[in-house]
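A closer look at the structure
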Amino acid sequence: MSIKERILKERCKFAVFVSKDYFKFNAAHFIAYKGYRERLHGHNYRVDLKIWGDRGHDGYVVDFGKMKAVIRQLCKEINEHVIIPAKSDVLLI
């Protein structure tokens, strides 16, 4: 468990983990650093989400309907795109 996760766990009483088969996207990428250049290739990515928080007045930590809609939209927006290592010290972008 990361430091960030430990702090959140201490502050919040409840955690919700969500993983759905349709939380996925495909993207191409490559790695470039001094002395190494990787060929462009793709992967299939799956998104899992863990949220910590206290229960609201309705008894829930998060509105699952809204959360699922946001994740689906984000996956749709980045699906079939290229991820560029914009902070690489060997590329000029």
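Scroll up to find the structure.
Read on for a plain summary of the structure. (Residues numbered from 1 in each chain as written. Predicted model: local features only at pLDDT ≥ 70, side-chain atom pairs only at ≥ 80, totals over all residues. Heavy atoms only, no water.)

**Some thoughts on the pairing of strand S1 (residues 14-29)**
- Here S1 runs beside strand S4 (residues 41-53); their pairing, made up of 12 bridges, is antiparallel. Opposite valine 18, over in S4, you have leucine 49 as the bridge partner.
- In this sheet, strand S5 (residues 81-83) lies alongside S1 in parallel orientation, the contact comprising three bridges. When the sheet's bridge partners are listed, alanine 28 is paired in S5 with valine 82. (Pairing = 2+ DSSP bridges. Helix = DSSP H or I, 4+ residues; strand = E, 2+ residues; numbered from the N terminus.)

**Details of the nonpolar core**
- Listed in full, the eight residues of the largest apolar core are Val16, Val18, Phe23, Phe25, Ala27, Met67, Ile71 and Cys75.
- Of all the secondary-structure elements, those providing two or more residues to this core are S1 and helix H2 (64-78).
- For this core, the element with the highest residue contribution is S1, accounting for five residues.
- Residues contacting phenylalanine 23, with those up to four places away along its chain left out, are Val18, Tyr45, Arg46, Val47, Lys68, Ile71, Arg72 and Cys75. (Core = buried A, V, L, I, M, F, W, Y, C linked by side-chain atoms within 4.5 Å. Buried < 20%, exposed > 50% of the residue type's maximum accessible area, 1.4 Å probe, protein only. Contact = heavy atoms within 4.5 Å.)

**Considerations on unusual backbone geometry**
- A positive phi angle, near 60 degrees, is found at glutamate 80, a position not held by glycine.
- With respect to the helices and strands, the residue glutamate 80 is situated in the loop between H2 and S5.
- In this structure glutamate 80 comes out as exposed when scored by relative accessible area, which is 65%.

**Some remarks on the packing of aromatic side chains**
- Applying the stated criterion across every chain, the model contains three aromatic pairs.
- The ring of tyrosine 22 is capped by arginine 72, whose NZ or CZ atom sits 3.8 Å from the centre of that ring. (Phe/Tyr/Trp six-rings, centres within 6.5 Å; stacked < 30°, edge-to-face > 60°. Lys NZ or Arg CZ within 6 Å of the ring centre and 35° of its normal.)

**Here we look at H2**
- Along its 15 residues, H2 runs 21 Å from first to last C-alpha, staying within 8% of the 21 Å computed at 1.5 Å per residue.
- For H2, the elements touching its buried residues are S1 and S4.
- Regarding H2, its N-cap is aspartate 63, as a side-chain oxygen of that residue lies 3.0 Å from the backbone nitrogen of glycine 65 further along.
- Note on H2: the residue one or two positions beyond its end, glutamate 80, has a positive phi of about 60 degrees. (Expected span 1.5 Å × (residues − 1). Polar contact = N/O pair within 3.5 Å; in protein donor to acceptor, adjacent residues only side chain to side chain.)

**Observations regarding the sheet that holds S5**
- A sheet is described by the order of its strands in space; here three strands give the open sequence S4-S1-S5, paired in mixed fashion. Each edge of the open sheet carries a strand with a single partner, namely S4 and S5. Strand-to-strand twist across the sheet, computed as the mean angle between neighbouring axes with direction ignored, equals 50 degrees.
- Against the sheet, H2 engages S1, S4 and S5, with an angle of about 15 degrees to S1. (Axes fitted to C-alpha atoms, helices over the stretch in contact; angles between N-to-C directions.)

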